[in-house]
Amino acid sequence: MKAAVELPVVESPPAQLPGLNRVIAGGLVLVVAAVGASLRMLHADHVAWLSTLLLLFSSLLIQAIPFVLVGAVVSAAIEVFVPGSVFTRFAAVPRRLQLPIAGVSGLAFPVCECGSVPVARRLASKGVTSGAAVAFMLAAPIVNPIVILSTAVAYRGRPTAQAMVLGRVGLGLLAAVCVGWAVSGRSPRQLLKRLVVDAPEAGHHGDRFGAFFGHFASDAVSMSTYLVLGAAVAAVLQTFVPSSAMNSVSGATGLNVVVMMGLAGLLSLCSQSDAFVAASFVQFGPGPQLAFLVFGPLLNLKLASMYVGTFRRGFVTVVLIVAATVTFAGAMWIGALVR
């Protein structure tokens, strides 16, 4: 019997509302207040572009914010109330079955892409294979029920609604499993910079509820910040970029998919609300919109920084190459079938 290899561990700290997020949130409130005051002086009905911009921006926020809040509640509940033994039992599953099971387990653990990274690190520390931990991390933000529901709501009434929901789940799951398979040859020690052990569980209900609201506040502000920025960019593009330019890109087969993947990576939206932004790009067909919905939760600027801090060198490159290839091919194929 081989001796267990001890790995460096670090205890995960309790969630706190980051100071930067508080500053950003306060800044957003001031911006909204300034815009409201300006409207009273400018009379928005006389400034057509301003009316259009605010209408697009507010409609995206109104539709998406409820899903962000629900997602923050679920993520915080999993972090605080789901015992670590649940993950330990998963580690006992035969290794050949861990990869596919991990891919679909997001249905039971609906966490956003930010929350899935520490959960994946915890899985690896409990003995789950590297490939399975990564497959869960990438699939959970796409296959979880909240994201499925938000995508269905965003595309409701459209003839492509069913194809967008099923295509997102299927293609996202495929991309996650492919990336997991690509890193499955690495041990947790070779994949992760440091493994994490759970902090001691709070012994009193008051402590747990305090931790819950701390996680909820942190997740809600963080996800809402990226949503507001993404909605603002989408509204600006829809308002100021000439429709002829958008149409020329949207009609370029292959290029339109790459553009939407790049946009998803730059916006770094939460997967629980990005469908409303994707659906607003009506110039683009189902294929490019699907590429936006699948690639964004797999790799974006926000996630890249988290990956660099969690995984060893080369991981981001593997995710980029495998996820981009699978997403591009799948989006092109589905786009050719769905019109």
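Please read these numbers as outputs of a predicted model, since none were measured by experiment.

Colleague: Looking at this model, I keep getting lost on the pattern of salt bridges. Mind explaining?
Modeller: It is possible for side chains bearing opposite charge to pair when their charged atoms get close. Within this structure, the stated rule accounts for one salt bridge. The salt bridge involving Arg-168 is made with Asp-274; its shortest N-O contact spans 2.9 Å. Of this pair, Arg-168 sits in helix 8 (residues 161–183) while Asp-274 sits in helix 13 (residues 274–280); the two residues are 106 residues apart in sequence, bridging distant segments of the chain. For Arg-168, a relative accessible area of 1% corresponds to the buried category. Judged by its relative accessible area of 2%, Asp-274 falls in the buried class.

Colleague: Looking at this model, I keep getting lost on helix 6 (residues 130–143). Mind explaining?
Modeller: The α-helix winds at 3.6 residues per turn, so residues separated by three or four positions along the chain end up facing the same way. Its 14 residues give helix 6 an end-to-end C-alpha distance of 20 Å, which sits within 8% of 20 Å, the value for a rise of 1.5 Å per residue. Its maximal kink placed at Met-137, helix 6 deviates by approximately 25°, while the proline Pro-141 follows within four residues. The buried fraction of helix 6 is high, at 14 of 14 residues.

Colleague: Please clarify how the packing of aromatic side chains should be interpreted in this entry.
Modeller: The geometry of an aromatic ring pair is captured by the separation of the ring centres together with the interplanar angle, meaning the angle of the planes. Considering all chains together, one arrives at six aromatic pairs under this definition. Centre to centre, the rings of Phe-281 and Phe-292 are 6.5 Å apart; their planes meet at 45°, and the pair counts as tilted. Taken together, the residues span a long stretch of sequence, with Phe-281 in the loop between helix 13 and helix 14 (286–298) and Phe-292 in helix 14 at a distance of 11 residues. Geometrically, the ring pair formed by Phe-311 and Phe-315 is stacked, given 4.0 Å between the ring centres and 20° between the ring planes. Like Phe-315, Phe-311 is buried. Among the aromatic side chains, those forming a connected cluster through ring pairs are Phe-281, Phe-284 and Phe-292.

Colleague: Mind showing me how you'd approach the environment of Gly-296 here?
Modeller: Mapped onto the elements, Gly-296 comes out in helix 14. Distance from Gly-296 to Glu-113, taken between C-alpha atoms, is 9.6 Å for residues 183 residues apart in sequence. If near-sequence neighbours (up to four positions away) are discounted, Gly-296 is found in contact with Ala-264, Ala-291 and Leu-303.

Colleague: Help me understand the packing of helix 12 (residues 255–267) against helix 14, please; the structure alone is not making it clear to me.
Modeller: The relative placement of two packed helices is expressed as an angle between their axes plus a distance between the axes. Between helix 12 and helix 14, whose axes approach to 8 Å, the crossing angle comes to 35°. Viewed along their axes, helix 12 and helix 14 form a crossing whose handedness is right-handed. Two secondary-structure elements touch here, helix 12 through Asn-256, Val-257, Met-260, Met-261, Leu-263, Ala-264 and Leu-267 and helix 14 through Pro-288, Gln-289, Ala-291, Phe-292, Phe-295 and Gly-296. The residue makeup of the contact of helix 12 with helix 14, split by class, is 10 nonpolar, three polar and no charged.

So, how was this worked out
Residues numbered from 1 in each chain as written. Predicted model: local features only at pLDDT ≥ 70, side-chain atom pairs only at ≥ 80, totals over all residues. Heavy atoms only, no water. Salt bridge = Lys/Arg side-chain N within 4 Å of Asp/Glu carboxyl O. Helix = DSSP H or I, 4+ residues; strand = E, 2+ residues; numbered from the N terminus. Buried < 20%, exposed > 50% of the residue type's maximum accessible area, 1.4 Å probe, protein only. Expected span 1.5 Å × (residues − 1). Bend = angle between axes of the 7 residues up to and from the residue. Phe/Tyr/Trp six-rings, centres within 6.5 Å; stacked < 30°, edge-to-face > 60°. Contact = heavy atoms within 4.5 Å. Axes fitted to C-alpha atoms, helices over the stretch in contact; angles between N-to-C directions. Left-handed = near helix turned anticlockwise from the far one by under 90°. Nonpolar A, V, L, I, M, F, W, Y, C, P; charged D, E, K, R; others polar.

Honestly, it's all geometry; don't read function into it.
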